[in-house]
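# Fold and geometry: a report
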Amino acid sequence: ALTPDLYLQAEKAGINVVVTYGMTETSGGCVYNGIPLEGVEISITPENRIAIKGTVLAHTYLGAEALWDTQCKDGWFHSSDFGRIEDGRLIVEGRVDDVLICGGVNISISAVERFLQNRYPALTFAAFGVKNPEWGDALHLAIAGDVLANEKEITEFLVEEFGAVAKPRGFLALTELPLIGIGKVDRKKLAQLHQEGTH
């Protein structure tokens, strides 16, 4: 995802930025600068998810047809992304799995990670949720890097920026973050590593 800061930096440098939106299920980008390509329709579901219809859509998931049927209804593919339409343009607000509901409050995982990455460029962060009877999803942090992380200071910065709900309930120190696919952090693996460490 392109951050607003990076977008502004690029514009200031005279770079013509074209933001695309799409996914594997749409054969790549199908919305350019908020405008759907010809033959593509976009709508927002009552849950604020982005739904897509058109000839760009795949027909099914091979070997997981039932899963496709739960996500594709009446020709509309219901994505895992939140969004809104403003002045006729699609604005992508984040992924469904990017949000933790902690103590009844939504916390954006990517916002937490971006905030910490800017403050501690020598470290790599991954926020993840662990089910908790009191908090729902309790925020935890995995930290990788050669520099020793100051957990107390990190906690204070997060609470100051996002409120008490963003106080991490646990830390995981790793040499490197586990990845899946195209360099995405494996958050399920992080939760698993946390559970293994607490036994």
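Look up a bit, the structure's there.
Locating Asp 137 in the fold gives a position in strand β12 (residues 136-144). Here the side chain of Asp 137 touches Lys 131 through a polar contact of 2.8 Å, side chain to side chain. Those residues in contact with Asp 137 that lie beyond four places of it in its chain are Leu 100, Ile 101, Cys 102, Val 130 and Lys 131.

Even without glycine at this site, Asn 33 takes up a positive phi of about 50°. Phi at Asp 87 is positive, roughly 50°, even though this residue is not glycine. Along the polypeptide, Asp 87 turns up in the loop between β7 (76-86) and β8 (89-95).

Moving on: the pairing of β7. In terms of strand pairing, strand β5 (residues 49-54) meets β7 through 3 bridges, oriented antiparallel. Directly across from Ala 51, in β7, lies its bridge partner His 78. Summarising the sheet, strand β6 (residues 72-73) and β7 pair through 2 bridges and their orientation is antiparallel. Across the sheet, the residue bridging to Cys 72 is Phe 77, located in β7. What sits between the antiparallel neighbours β6 and β7 is a turn of 2 residues, in which Asp 74 has the positive phi angle 55°. Note: β7 against β8, 6 bridges, orientation antiparallel. Following the sheet pairing, Arg 84 is matched in β8 by Ile 91. The antiparallel hairpin formed by β7 and β8 contains 2 residues in its connecting segment, where Asp 87 sits at a positive phi of about 50°.

Another point: the packing of aromatic side chains. Enumeration over the complete set of coordinates arrives at 5 aromatic pairs. Here the aromatic rings of Tyr 61 and Trp 68 are separated by 5.0 Å at their centres, their planes lie at 85°, and the arrangement is edge-to-face. Residues Tyr 61 and Trp 68 agree in their burial class; the two are buried. With centroids separated by 5.9 Å and ring planes inclined at 55°, the aromatic side chains of Tyr 120 and Phe 125 adopt a geometry described as tilted. An aromatic cluster of at least three residues, connected via ring pairs, comprises Tyr 61, Trp 68 and Phe 77. Sitting above the plane of the Phe 157 ring, Arg 119 keeps its charged end 3.9 Å from the centroid.

There is about 260 Å³ of room inside the second largest pocket. Met 23, Thr 24, Glu 25, Arg 95 and Lys 184 are the residues nearest the centre of the second largest pocket, which is lined by 14 residues in total. Put simply, the parts of the chain that give the lining of the second largest pocket at least two residues each are β1 (20-23) and β7. Here the element with the most residues in the lining of the second largest pocket is β7; it accounts for 5 residues. Here the residues of the lining of the second largest pocket sort into 4 nonpolar, 6 polar and 4 charged.

Rules of the game
Note on numbering: residues in each chain are counted from 1, in written sequence order. The model is predicted, so local features are restricted to residues of pLDDT at least 70 and side-chain atom pairs to those at 80 or more, both for listing and for counting; the totals for chains, interfaces and linings are taken over all residues. With hydrogens and water stripped out, all remaining heavy atoms of the structure feed into the side-chain values. For the purposes of this entry, the term helix denotes a DSSP run of H or I that reaches at least four residues, the term strand denotes a run of E that reaches at least two, and both are numbered from the N terminus. Any pair of nitrogen or oxygen atoms within 3.5 Å is treated as a polar contact; in protein, a donor-acceptor pairing is required on top of that, and neighbouring residues in sequence qualify only through side-chain atoms on both sides. We call two residues in contact whenever any of their non-hydrogen atoms come within 4.5 Å of each other. The rule for pairing is simple: two strands pair if DSSP sees at least two bridges between them. Between rings of Phe, Tyr and Trp, where Trp is taken as its six-membered ring, a pair exists when centres lie within 6.5 Å; planes separated by under 30 degrees are stacked, by over 60 edge-to-face, and by other angles tilted. With a 1.4 Å probe rolled over the protein chains alone, any residue whose accessible area is under 20% of its type maximum counts as buried; one over 50% counts as exposed, and the rest are partly exposed. In our convention, an over-ring charge means Lys NZ or Arg CZ found within 6 Å of a ring centre and within 35 degrees of that ring's normal. Grid spacing is 1 Å over the protein atoms alone, the probe is 1.4 Å, and a cavity is where that probe fits but cannot get out, while a pocket is an open set with protein on both sides within 12 Å along at least five of seven lines and lining residues have an atom within 4 Å of a point. Grid points are joined across faces, edges and corners, and a volume is the space filled by probe spheres set on the points. All residues other than Ala, Val, Leu, Ile, Met, Phe, Trp, Tyr, Cys, Pro, Asp, Glu, Lys and Arg, Gly among them, are scored as polar; the first ten of these are nonpolar and the last four charged.

Everything listed here is a matter of coordinates, which is why it stays silent on function.
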